[in-house]
Structures are given as C-alpha cells and as structure tokens.
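Structure assessment
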Amino acid sequence: MIEQLIYPQDQLPEHLKWQIISFLRIYYPEGFMGVNRLRDWISTPHNHPVSIMLVEAGVLISHTEVVWKELVHAGEHYKAYGLTGVFTYPPFRGQGYGRQIVEAGTAYIDGSDGDIGIFHCAPHLQSFYEQCGWSAMAEATTLVGDYAAPTVSEEVMMMRFLSEKGRQGQATFAQQQLYFGENTW
C-alpha cells in the first residue's frame, strides 16, 4: 500500500534519505561536484526543509521538499515557501504520482504561515505546475547569483499568493525584478 509520509529533514529515516540523495546525485549532478562530491544532505538546513514522499514497502516512489525563507522584494519582507526536489522514480512515472506529490506539497504550503508560495522551474514544466494550481509569472524577471553582479534566471517563476500581504504585493512580482538569492529552489 502506498503511503504519504512527511518528515523534517533532521527526522528523515536513513533509507529514505539515501534514496532521495541517490536520485538527486544522478539527475542533478552539478549539486554534487567539487566540495560537494560526497554530499550527504538533501537541502541546506537554513531553508527549513520538509520532505513529502510517496512510499511503498520502504521504496521511494515520488518526492518533493517544501522549503521556506525570508524574501525581500520591492521594499517588503515576505515569508516565502516553495517546492524543490520534485521527482518520481522512472518506473513509477505516468501514473499520476508526480501530480499527487506536488498537490500534497502545495497543500502543505497553503496551510503554512507564508505570505507567498514561490519556486522556479524549467519552461517545459510550466503547464504541469499550472495544472497543480500554481500561476506562472510570465513577465517576471528573477536575478540569481552574487548580489553585486547577478544574472537573469532562465527558469519560470511559479507563484501562489497566500496572505493578504502577499496578495497586495502580487503586481510587484510581475513588474519588478526579484533578487532571489545565490540560486533558485
């Protein structure tokens, strides 16, 4: 029977942690190079990661991680939650598990104390996330990297506006460049 499990990163059972890391190591090798070549963590603790997974008989089927941080944009401070590390192992693809895990992560974010939900994805994934209730900010520009000399991200900004403060700031995310940090989630 498939179970949905939710764990803060520091409470994640080892057998699930290593299944997640193994997938990430293969599909996102750039995160496991140089000083991180022996990386044994999923996300940095300062993003407060919580893994949401579909698991059957100890085997990981699908995963997402909900993370959050304080984000300053257009002079306002927002508590920003997002999704990262979304994947489904290949033998389980095409069966709706990816959508199920994104919807579970979205529900977690909707129940949070966040002002906004925000993450970035490859352009070919935009319609998938829109079907899961996220809105693409087509006009938005996201800057990443060194704050003094950032570059423009090629990813699509996906958002949800959760609090009154978040809803009031919605237009600024479309109209003003956002510096997200060293990189996107």
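Notes on the structure in this doc start here. (Residues numbered from 1 in each chain as written. Predicted model: local features only at pLDDT ≥ 70, side-chain atom pairs only at ≥ 80, totals over all residues. Heavy atoms only, no water.)

A word on the side chain of Ser-163
Stated formally: Strands are runs of DSSP state E lasting at least two residues, helices are runs of H or I lasting at least four, and both sets are numbered from the N terminus onward. Exposure is judged per residue with a 1.4 Å probe applied to protein chains only, and the accessible area is read against the type maximum: over 50% gives exposed, under 20% gives buried, and values in between give partly exposed. Each polar contact in these results corresponds to two N or O atoms within 3.5 Å; when the atoms are within protein, one needs to be able to donate a hydrogen and the other to accept it, and residues that are neighboring in sequence are counted only if both atoms are side-chain atoms. We call two residues contacting when some pair of their heavy atoms lies within 4.5 Å.
Inspection of the secondary structure assignment puts Ser-163 in the loop between strand E9 (156-161) and helix H4 (164-168). Judged by relative accessible area, Ser-163 falls into the buried class, the value being 17%. One polar contact links Ser-163 to Asp-115, side chain to side chain, over a distance of 2.7 Å. Apart from residues no more than four positions distant in its own chain, Ser-163 is found in contact with Gly-114 and Asp-115.

Here we look at the nonpolar core
To keep it simple, the criterion reads: In plain words, nonpolar cores are sets of buried Ala, Val, Leu, Ile, Met, Phe, Trp, Tyr and Cys residues tied together by side-chain atoms within 4.5 Å.
Core analysis: the largest hydrophobic core is formed by 19 residues, its most contacted members being Leu-83, Val-102, Ile-109, Phe-119, Tyr-129, Trp-134 and Met-158. Every element with two or more residues in this core is listed here: strand E2 (50-56), strand E3 (59-73), strand E4 (76-88), helix H2 (97-110), strand E5 (116-121) and E9. It is H2 that contributes the most residues to this core, 5 residues altogether. By size, the runner-up hydrophobic cluster in this structure holds 17 residues, among which are Tyr-78, Ile-116, Val-144 and Met-157.

A short note on a nonpolar patch on the surface
We apply this condition: Surface patches are drawn from residues lacking salt bridges whose relative accessible area is over 30%; two like charges belong together within 9 Å, two nonpolar side chains (Val, Leu, Ile, Met, Phe, Trp, Tyr) within 5 Å. Where accessible areas are quoted, they stem from the Shrake-Rupley method and a 1.4 Å probe; at the residue level, only the protein chains shown are allowed to cover. Note on definitions: salt bridges are taken to be side-chain nitrogens of Lys or Arg within 4 Å of carboxyl oxygens of Asp or Glu.
Together, Ile-26, Tyr-27 and Tyr-28 make up a nonpolar patch on the protein surface, roughly 330 Å² of accessible area in all. Among the secondary structure elements, Tyr-27 is positioned in helix H1 (residues 14-27).

Notes on the sheet that holds strand E8 (residues 151-152)
Note the threshold: Pairing between strands is defined by DSSP: at least two bridges between the two strands are required.
The strand order across the open sheet formed by 3 strands is E8-E7-E10, and the pairing between neighbours is mixed. Two strands bound the open sheet, and with one partner strand each, they are E8 and strand E10 (178-181). Of the pairings in the sheet, the one linking strand E7 (residues 142-144) to E8 comprises 2 bridges and is antiparallel in character. Within E8, the residue paired with Val-144 across the bridge is Thr-151.

A short note on the side chain of Thr-142
Structurally, the position occupied by Thr-142 is in strand E7. The buried category is assigned to Thr-142, whose relative accessible area is 3%. At a separation of 2.9 Å, a polar atom in the side chain of Thr-142 contacts the side chain of His-120. Each residue touching Thr-142, except ones within four places of it in the same chain, is listed here: His-120, Thr-151, Val-152, Ser-153, Met-157, Leu-178, Phe-180 and Thr-184.

Describing the pairing of E3
For E3, a buried count of 11 out of 15 residues is recorded, marking the element as mostly surrounded by other parts of the structure. By the bridge criterion, 7 bridges tie E2 to E3 in an arrangement that is antiparallel. Bridged to Leu-54 within E3 is Ser-62. From the end of E2 to the start of E3, which pair antiparallel, there are 2 residues, and Ala-57 there has a positive phi angle of about 50°. In terms of strand pairing, E3 meets E4 through 11 bridges, oriented antiparallel.

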